[in-house]
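Coordinate inspection notes
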Amino acid sequence: MCTRVLNNLNRKYIATARNMDWMFPLPTSLFTFDKGLNKIGMPISDNKKDNEKALKWCSKYASVVAMVGDEQSGWASSDGMNSMGLAANVLYDCNATYAKDQPCKEGQLSVLRWVQYVLDNFVFVKEVVSEFEQQKIELVSADVPNSDGKPATLHLSVSDVTGNSAIIEVYNGQFYIHSKDDYVVMTNDPSYDQQLKIDAYWKWQWSDENIAASHTIPGGPFSADRFERALFYISHMNAPTSHDEALAQAKSVVANACVPLGYNVQMTESPNISNTLWTTLVNHSEQKYYFSNARTANTIWVDLHTFDFNEPVKRLDMVTISSDNQVINNSYEGQVNELLTPVLDPYSPNLFIPDEICRIGA
């Protein structure tokens, strides 16, 4: 489930692409958030002590986020970009484990709000790495919205305008961080240290050090197959000479890691094989965020650099599920800045956090 590719072959033109794979359609919406908004890391509880444990912050940067879920089942931030060009994506990781009520932690953060916390607070990958290296945040498990109680076991990738990259995994409540600008491909399993061993093997196979270099790649939908296939293409690509070319390259590489709609996922018991539902692209330096639904013909985008935040939170539904379980894929064209409409912030508990916490722009 899911593949992420960072194209940093030319540091003038950085692009990140991500496939969102899941075993059945999920309701999905684009949200835009202005800076200066109060946020909380956990859903508001009737238990005051639970609310006191939750991480709290004020957003420093605006963002656009692809969120799955709805008002009934709750929301999960799965992918997005902020107004400084930082991209964050969470991918399924069946090995992730979360520990409850850990000592010496500053606050609890639902794994479904991990992406939003990162986008709200940081500009560069190195800042994200520094934050989670401190092991001060308790990441809390949750279920994927509209997924019949399936747990959101996730790991996080981040990339920025400099072309830097990091992958953050969580095992037994501790963060394990891999940060290097050539960590450009990420899938679901095995763990990233094992993915790096696969990386090293194939890069040797394709290199001049191998007197019988084998420029071949595996097929198949498994995570390791998709990792090797995406790595092959990004490793054999000329550096882009424009933003459009960087995006096109990233998009074509991640397309090679898609699991086609209609593929019979029941052929295997692997938890990490699912159809690709949608793909996102990030133009980091121009703050453009692209969304492509696998079931519609069009790619749409939000230009965050020119976005009019006349309302603090806006939303555009991409995929909805009706009361009789009919999947509705909404089709739009081009830039959709004007199509997002005001909504309440699903992550803002103003009843709990004093307004004076936020002093953005003061």
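Residues numbered from 1 in each chain as written. Predicted model: local features only at pLDDT ≥ 70, side-chain atom pairs only at ≥ 80, totals over all residues. Heavy atoms only, no water.

1. Examining helix α3 (residues 125–133)
Our working definition: Buried, partly exposed and exposed residues are distinguished by accessible area as a fraction of the type maximum, computed with a 1.4 Å probe on protein chains only: under 20%, between the cut-offs, and over 50%, respectively. The helix count covers DSSP runs of H or I at least four residues long, the strand count covers runs of E at least two residues long, and both are numbered beginning at the N terminus. What the arc measures is the spread of directions leading from the helix axis to the C-beta atoms. Should any heavy atoms of two residues lie within 4.5 Å, those residues are considered in contact.
Every buried residue of α3 is listed here: V125, V128, V129, E131 and F132. Seen from one end, α3 has its buried residues packed into an arc of 160 degrees, which puts them on one side. Opposite the buried face of α3, at more than 90 degrees from it, the exposed residues are K126 and E133. Lining the buried residues of α3 we find α2 (114–121), β10 (137–140), β11 (154–159), β12 (165–171) and β13 (174–179). Backbone geometry just after α3 places Q135 at a positive phi near 55 degrees.

2. Notes on the confidence of the model for the chain
Put simply, the rule is: The quantity called pLDDT is the predictor's confidence in a given residue, expressed from 0 to 100.
With 92% of its residues at a pLDDT of 70 or more, the chain has an overall mean of 89. Predicted confidence is poor over residues 351–356, with pLDDT under 50, and the contacts of this stretch with residues over four places away or in other chains come to 12 contacts.

3. Here's the deal with the packing of α2 against α3
Describing two packed helices takes the angle between their axes plus the distance from one axis to the other. Using the following cut-off: Every angle, taken between N-to-C directions, lies between 0 and 180 degrees, and every axis is a line fitted to C-alpha atoms, over only the stretch in contact when it is a helix. In this scheme, roughly parallel covers angles under 35 degrees and roughly antiparallel covers those over 145, while 65 to 115 is roughly perpendicular and the rest are oblique. Should the near helix be turned anticlockwise from the far one by less than a right angle, the crossing is termed left-handed; should it be turned clockwise, right-handed. The classification used treats Ala, Val, Leu, Ile, Met, Phe, Trp, Tyr, Cys and Pro as nonpolar, Asp, Glu, Lys and Arg as charged, and all other residues, Gly among them, as polar.
Two numbers describe how α2 lies on α3: the axes approach to 10 Å, and their chain directions differ by 125 degrees. Overall, the two elements α2 and α3 adopt an arrangement that is oblique. At the point where α2 passes α3, the crossing takes the right-handed sense. Note on element contacts: α3 touches α2 through V128, E131 and F132, opposite W114, Y117 and V118. The residue makeup of the contact of α2 with α3, split by class, is five nonpolar, no polar and one charged.

4. Observations concerning the pattern of salt bridges
Keep this limit in mind: Salt bridges are identified by distance alone: a Lys or Arg side-chain nitrogen within 4 Å of an Asp or Glu carboxyl oxygen.
Counted according to the given criterion, the structure contains seven salt bridges. In this structure, D345 engages K39 in a salt bridge whose closest nitrogen and oxygen atoms are separated by 2.6 Å. In this pair, D345 is assigned in the segment after β21 (341–342) and K39 in strand β4 (residues 38–40), connecting sequence segments 306 residues apart. As far as burial versus exposure is concerned, D345 and K39 are alike and both buried. In this structure, the salt-bridge partner of E71 is R315, at a minimum N-O distance of 2.5 Å. Taken together, the residues E71 in the loop between β6 (63–70) and β7 (74–82) and R315 in strand β18 (residues 313–321) connect sequence positions 244 residues apart. Assessed through its relative accessible area of 15%, R315 is described here as buried. Overlapping salt bridges, with partners in common, bring together E71, R315 and D317 in one network.

5. Side note on the packing of aromatic side chains
Put simply, the test is: Geometry of aromatic contacts follows a simple scheme: Phe, Tyr and Trp rings, the Trp one being its six-membered ring, pair when their centres are within 6.5 Å, and the pair is stacked under 30 degrees between planes, edge-to-face over 60, tilted otherwise. Only Lys NZ and Arg CZ are tested; either one counts as a charge over a ring when it is within 6 Å of the ring centre and within 35 degrees of the ring normal.
For the coordinates displayed, the defined rule picks out 16 aromatic pairs. Here W57 and Y117 contribute two aromatic rings whose centre-to-centre distance is 4.9 Å and whose plane-to-plane angle is 80 degrees, an arrangement assigned as edge-to-face. Of the two residues, W57 is situated in strand β5 (residues 56–58) and Y117 in helix α2; the sequence distance between them amounts to 60 residues. A residue is classified by how much of its surface remains accessible, and W57, at 5% relative accessible area, is buried. Residue classification places Y117 among the buried positions, given a relative accessible area of 7%. Ring plane angle 65 degrees and centroid distance 4.9 Å describe the contact between F132 and F175, whose orientation is recorded as edge-to-face. On the criterion of sequence distance, the pair formed by F132 in helix α3 and F175 in strand β13 is long-range, its members being 43 residues apart. The pair F132 / F175 is uniform in exposure class, with both members buried. Site record: aromatic cluster; members linked through ring pairs are W57, W114, Y117, F122, F132 and F175. The aromatic ring of F124 is capped on one face by K126, whose charged end is 5.9 Å from the ring centroid.

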